[in-house]
Amino acid sequence: MKQSETIQTLQASVRRLRFGLIAMTVGLGVLGLGAMTQEDEISVGPHLVGITASSATMPAHTALFRLWSNGRIDRKVVQTDTGQIGGSWVMIQRP
């Protein structure tokens, strides 16, 4: 191998290394920006994840449960034969 070929091979190697470092830097920047947008979405506050109903301990009553994104669970009792709602939402599990 001649000296000029060795120099050209080394120069090509350095070019590939530089392009790789630039690509890695850009990739890390994009990942960092993506993580910042996820933090913004999380800071919105708790939101409703699901609601379910089950029969209560008393006949003709139904218990409604709400599950929030922060882990809080609320309960409300509905009298199913008349449709009246008994009271307001009561927190039964804190986040």
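Everything numeric in this text was worked out from a predicted model, so none of it was measured. (Residues numbered from 1 in each chain as written. Predicted model: local features only at pLDDT ≥ 70, side-chain atom pairs only at ≥ 80, totals over all residues. Heavy atoms only, no water.)

It is worth spelling out the side chain of Lys76 at this point. Residue placement: Lys76 occurs in strand E3 (residues 73-79). Apart from residues no more than four positions distant in its own chain, Lys76 is found in contact with Thr62, Ala63, Leu64, Ile85, Gly87, Ser88 and Trp89. (Helix = DSSP H or I, 4+ residues; strand = E, 2+ residues; numbered from the N terminus. Contact = heavy atoms within 4.5 Å.)

Further remarks concern the side chain of Asp74. Structurally, Asp74 is set in strand E3. When its relative accessible area of 4% is taken as the criterion, Asp74 is described as buried. One polar contact links Asp74 to Trp68, side chain to side chain, over a distance of 2.9 Å. Excluding anything up to four places from it in sequence, Asp74 contacts Leu64, Phe65, Arg66, Trp68, Trp89, Val90, Met91 and Ile92. (Buried < 20%, exposed > 50% of the residue type's maximum accessible area, 1.4 Å probe, protein only. Polar contact = N/O pair within 3.5 Å; in protein donor to acceptor, adjacent residues only side chain to side chain.)

The subject of this paragraph is the pattern of salt bridges. Proximity of charged atoms lets side chains of opposite charge pair with each other. Under the definition given, this model contains two salt bridges. Arg72 serves as the salt-bridge partner of Asp74, at 3.4 Å between the closest nitrogen and oxygen. A relative accessible area of 23% means that Arg72 is categorised as partly exposed. Sharing partners across several salt bridges, the network here consists of Arg66, Arg72 and Asp74. (Salt bridge = Lys/Arg side-chain N within 4 Å of Asp/Glu carboxyl O.)

A separate point is the environment of Gln93. Here Gln93 is to be found in strand E4 (residues 84-93). Along the backbone, Gln93 and Arg75 are 18 residues apart, and their C-alpha atoms lie at a distance of 9.5 Å. If near-sequence neighbours (up to four positions away) are discounted, Gln93 is found in contact with Gly71, Arg72 and Ile73.

Along the primary structure Asp74 and Val90 are separated by 16 residues, whereas in three dimensions their C-alpha atoms are 5.3 Å apart. One polar contact links Asp74 to Arg72, side chain to side chain, over a distance of 3.4 Å.

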